[in-house]
Amino acid sequence: MPRSKSVARLYKAVDIGIAGVKMTVLRLEKELEFDAAEVIDVVSDLHERYSKTPGYVVEVVKYNSRGEEVESSGFATLDGLVLFLRPARLISVRVIDNGIEGTRPVDQLRKATPREKFYVSIGRIDLPKDVWGVVIETDRGIRVITRTALRG
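As the structure is a prediction and not an experimental result, all values here were calculated from the model.

**Side note on the nonpolar core**
- If you look at the biggest cluster of nonpolar residues, it comprises 21 residues, and the most contacted ones within it are M23, V25, V120, I125 and I136.
- Contributing elements (two or more residues each) for this core: β1 (5–18), β2 (21–35), β6 (88–97) and β11 (131–138).
- Top contributing element to this core by residue count: β6, with four residues.
- Aside from chain neighbours lying at most four places away, what touches I125 is V21, K22, M23, L83, I136, I145 and L150.
- A8, L10, Y50 and F75 belong to the second largest nonpolar core, which has 12 residues in total.

**A few points about the packing of aromatic side chains**
- For the structure shown, the criterion picks out two aromatic pairs.
- An angle of 55 degrees between the planes, with centres 5.2 Å apart, marks the rings of Y50 and Y56 as tilted. Taken as a pair, Y50 and Y56 share a single burial class, namely buried.

**Quick notes on the side chain of E59**
- In this structure, E59 sits in strand β3 (residues 56–63).
- Engagement of the side chain of E59 in a polar contact is seen with the side chain of Y11, the distance being 3.5 Å.
- Polar contacts involving the side chain of E59 include one to the side chain of R86, which spans 2.6 Å.
- Here E59 is in contact with V7, A8, R9, Y11, S73, G74, R86, P87 and R140, once residues within four sequence places are set aside.

**Some words on the layout of surface pockets**
- Its volume calculated, the largest pocket comes out at about 160 Å³.
- Together, 15 residues line the largest pocket, and V58, G74, F75, L85 and R86 are the ones closest to its centre.
- Those elements giving two or more residues to the lining of the largest pocket turn out to be β3 and β4 (69–76).
- The biggest single contributor to the lining of the largest pocket is β4, with five residues.
- Class assignment of the residues belonging to the lining of the largest pocket gives a composition of nine nonpolar, four polar and two charged.

Thresholds, definitions, all that
- Residues numbered from 1 in each chain as written.
- Predicted model: local features only at pLDDT ≥ 70, side-chain atom pairs only at ≥ 80, totals over all residues.
- Heavy atoms only, no water.
- Core = buried A, V, L, I, M, F, W, Y, C linked by side-chain atoms within 4.5 Å.
- Buried < 20%, exposed > 50% of the residue type's maximum accessible area, 1.4 Å probe, protein only.
- Helix = DSSP H or I, 4+ residues; strand = E, 2+ residues; numbered from the N terminus.
- Contact = heavy atoms within 4.5 Å.
- Phe/Tyr/Trp six-rings, centres within 6.5 Å; stacked < 30°, edge-to-face > 60°.
- Polar contact = N/O pair within 3.5 Å; in protein donor to acceptor, adjacent residues only side chain to side chain.
- 1 Å grid on protein atoms, 1.4 Å probe; cavity = no way out; pocket = protein on both sides within 12 Å on 5 of 7 lines; lining within 4 Å.
- Points joined across faces, edges and corners; volume = space filled by probe spheres on them.
- Nonpolar A, V, L, I, M, F, W, Y, C, P; charged D, E, K, R; others polar.

Following this line, the structure appears as structure tokens:
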């Protein structure tokens, strides 16, 4: 019978350019498995090791014996806008040019897909002057980020 387990995923922040937009994304650097370990214990151990190393997002997920997610926690050692509470696999970035905001269906916007597997969670986004905003599509849903939201 399968046992419960905890899985820790360590993501390293990298800056990329996609569709003319500069943004911070995450690359999965390491995945560690712990048999029947408590999430808080794994997070504490990894926090001791990585808390002084900038540019990381660490996620720990506990699965029951049926493989269902039952608990999660984590921490980040980078600053920026929170795009998703947990790392989400980046599927595409769609660009909303100035002057067309709200007047065009999402599927008609200029679209770019990453060439490798990236994740988004916390980071920065720099929009070109002619861009009003972006639609970030992930495996956990979509998020619209506008120039106004970036100013805070």
